[in-house]
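Coordinate inspection notes
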Amino acid sequence: MLVLVINCGSSSVKYDLIETKLEKGICKGIIERIGAVTSIIKHQPENGKTVKDTKAINNHSEALQEIMNYLLSPENQIVNSPSDIKAVGHRVVHGGEMFKDSVLIEDNVLEAIEQAIDLAPLHNPPNLKGIQAAQKYLPDVPHVAVFDTAFHHSLPAEAYLYGIPNRLYRRYKIRKYGFHGTSHYFVSRQFYKLTNKPVEETKVISCHLGNGASIAAIKGGKSIDTSMGFTPLSGLVMGTRCGDIDPSILFYLVEKEELPLNNLHALLNRHSGLLGLSGYAADMRDLIAEAKNGDRRCQQAIDVFCYKVKQHIGSYMASMNGCDAILFTAGIGENSPLIRSKSLANLNFMGIEIDEEKNNAVKSGVLTKISTDDSPVAVYVVPTNEELVIAIDAAKIAQASAQSPWI
Ligand code: AMP
């Protein structure tokens, strides 16, 4: 089934056209800087040459129109008619407590995603805009919402409750939700294909280390803990997000710098993390290059990042009483031997031993084992594919809805 996957940020729309039966990408692309004077457009057909362009794209609806025009243009020979696209899968960041699985988007679902805006003010509004725009250009196909939070619905109360008055959980649903669920789901499933153990007996730690970063403890196929929390701000140090900090720092800062709340929000979300620590860059490649040139702050930022990864791995080993495999994925996890090696250094007492030769030889996009043959815990680099998970879920739900006499 041909499925269009849409992933909207506040000023960007990413898309992937996927043939789900063959698990094959047909065309993908991104429109960035939506609303700026010039937006950047990129289309990458699987069997054709990449097209880059710039023009003014004012909103998400115009971005969707641009994408549809490209896909439907007879010149590009990608899709003959809109009816060839049988479903649209939308990445939705926050599903709150309501959505434990992907769902067909109907009016009540849109309302519920709107209600979850309170919980994800940065992410859910552009996700909604993307849904509305795609429904305008593809009104006759099923649209499906796939939630970043859904995979973590299996967290036990001891992992998702914070140590605050329980009435705040009951009244406002303040709890750990967790994110990057489709990625943790995908890479753990790739590992299950490699092991003879029944899934129910497996224990996996999945490290999604990208610009946003999170780690999940996955026991018996289910997420039992994860580093992000009520929002994607907590846990590891990220590109520009602070990760876990002592909440008292906020009161202290408000007093010392007389910061209004929205500045505090920007400080922790956009000016912290690797960028804040190094004072130089949020991008790990830039930090590694500068650290090699002797920049002390860039080196410190890398050290802090790896230390937090190591701490989380240790704590999830404790939560699960050991683990069978540690999986590294996303931009940093898939591409940086240095960060993988530093994050797992001196963990041989836990049965984790990296083979540095294998670690350094990992090829981009190739699933690779990087632990020694004797290492009790296996370590793999697993390329993630969140878009494929979204496409397959959308295809399943679209098929079921076509067969249901009730819809
Ligand atoms: P993502 O958000 O998954 O696209 O990951 C983006 C992050 O991956 C950025 O911090 C990049 O610098 C980092 N990254 C990509 N390639 C490499 C590499 N070869 N070495 C280190 N970091 C990398």
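A brief look at the structure comes next. (Residues numbered from 1 in each chain as written. Predicted model: local features only at pLDDT ≥ 70, side-chain atom pairs only at ≥ 80, totals over all residues. Heavy atoms only, no water.)

Comments concerning the sheet that holds strand E13 (residues 368–369)
The strand order E11-E10-E9-E12-E14-E13 describes an open sheet built from six strands, whose pairing is mixed. Each having just a single partner strand, strand E11 (222–226) and E13 make up the two edges of the open sheet. Where E13 and strand E14 (residues 378–381) come together, two bridges link them in antiparallel fashion. Bridged to Thr368 within E14 is Val381. (Pairing = 2+ DSSP bridges. Helix = DSSP H or I, 4+ residues; strand = E, 2+ residues; numbered from the N terminus.)

Quick look at the sheet that holds strand E2 (residues 13–19)
Strand order across the open sheet formed by eight strands is E5-E4-E3-E2-E1-E6-E8-E7, with mixed pairing between neighbours. On the outer flanks of this sheet lie strand E5 (51–55) and strand E7 (103–104), each paired with one strand and no other. Across the face of the sheet, helix H1 (residues 60–72) comes into contact with strand E1 (2–8), E2, strand E3 (24–32), strand E4 (39–45) and E5 while running at roughly 35° to E2. (Contact = heavy atoms within 4.5 Å. Axes fitted to C-alpha atoms, helices over the stretch in contact; angles between N-to-C directions.)

Some thoughts on the packing of aromatic side chains
Summed over all chains, the structure comprises six aromatic pairs. On the basis of an interplanar angle of 80° and a centroid distance of 5.8 Å, the ring pair of Phe151 and Tyr185 is categorised as edge-to-face. Linking Phe151 in the loop between strand E8 (143–147) and helix H4 (157–160) with Tyr185 in helix H6 (residues 181–192), this pair joins segments that are 34 residues apart in sequence. Residue classification places Tyr185 among the partly exposed residues on the basis of a relative accessible area of 33%. (Phe/Tyr/Trp six-rings, centres within 6.5 Å; stacked < 30°, edge-to-face > 60°. Buried < 20%, exposed > 50% of the residue type's maximum accessible area, 1.4 Å probe, protein only.)

Quick notes on the side chain of Glu19
By the element assignment, Glu19 lies in strand E2. Look at Glu19: it is buried, it has no salt bridge, and the nearest opposite charge is Lys21 at 6.6 Å. If we skip the residues at most four places from it in the chain, Glu19 touches Met1, Leu2, Lys24 and Ile26. (Lys, Arg positive; Asp, Glu negative; His and termini not counted. Salt bridge = Lys/Arg side-chain N within 4 Å of Asp/Glu carboxyl O.)

Some thoughts on the site of the ligand
Around the ligand, the structure places Gly210, Asn211, Asp283, Met284, Arg285, Ile288, Ala330, Gly331, Ile332, Asn335 and Ser336. Take Asn211: an N or O atom from its main chain is 2.9 Å from an oxygen atom of the ligand. Those elements giving two or more residues to the shell around the ligand turn out to be helix H10 (284–292) and helix H12 (330–335). Considering each element in turn, the shell around the ligand owes the most residues, four residues, to H12. (Near = heavy atom within 4 Å. Polar contact = N/O pair within 3.5 Å; in protein donor to acceptor, adjacent residues only side chain to side chain.)

Some words on the packing of helix H7 (residues 248–257) against helix H8 (residues 261–270)
When two helices pack together, their arrangement is given by the angle between the helix axes and by the axis-to-axis distance. One can describe the packing of H7 onto H8 by two numbers: an axis separation of 11 Å at closest approach and a directional angle of 125°. The orientation of H7 relative to H8 falls into the category oblique. As for the relative orientation of H7 and H8, their crossing is right-handed in sense. Across from Leu250, Leu253 and Val254 in H7, the residues of H8 making contact are Leu264, Leu267 and Leu268. (Parallel < 35°, antiparallel > 145°, perpendicular 65-115°, else oblique. Left-handed = near helix turned anticlockwise from the far one by under 90°.)

Observations regarding the pattern of salt bridges
Taken as a whole and assessed by the stated rule, the structure comprises nine salt bridges. One salt bridge connects Glu97 with Arg175, and the closest N-O pair in it is separated by 2.9 Å. Of this pair, Glu97 sits in the loop between strand E6 (87–92) and E7 while Arg175 sits in the loop between helix H5 (166–172) and H6, placing them 78 residues apart in sequence. Using a relative accessible area of 21% as the deciding quantity, one classes Glu97 as partly exposed. Notably, a salt bridge pairs Asp373 with Lys358, separated by 3.2 Å at the nearest N-O pair. Here Asp373 is found in the loop between E13 and E14, whereas its partner Lys358 is found in helix H14 (residues 356–360), with 15 residues between them in sequence.

Structural notes on H7
Counting buried positions over the ten residues of H7 gives one, only a small fraction of the element. Looking at the residues trailing H7, positive phi occurs at Glu258, about 50°.

Here we look at a negative patch on the surface
A contiguous patch of negative charge, built from Glu106, Asp107, Glu111 and Glu114, is present on the exposed surface. Position of Glu106 among the secondary structure elements: in the loop between E7 and helix H2 (107–115). (Patch = residues over 30% accessible without salt bridge, like charges linked within 9 Å, V, L, I, M, F, W, Y side chains within 5 Å. Areas by Shrake-Rupley, 256 points an atom, 1.4 Å probe, with all protein chains shown as cover. Charge placed at Lys NZ, Arg CZ, Asp CG, Glu CD.)

Digging into the pairing of strand E9 (residues 203–209)
The buried count for E9 comes to seven of seven residues, which makes it a mostly enclosed element. Where burial is concerned, the two faces of E9 agree: the one with Lys203, Ile205, Cys207 and Leu209 and the one with Val204, Ser206 and His208 are both buried. Inspection of the sheet shows E9 paired to strand E10 (residues 213–219) by seven bridges, in the antiparallel sense. Across the sheet, residue Ser206 finds its bridge partner in E10, namely Ala216. In this structure, the hairpin formed by E9 and E10 is closed by a connection of three residues. In the sheet, E9 pairs with strand E12 (residues 325–329) via five bridges, with the strands oriented parallel. Considered in E12, the bridge of Cys207 is made with Phe328.

Shape descriptors only; they carry no functional weight alone.
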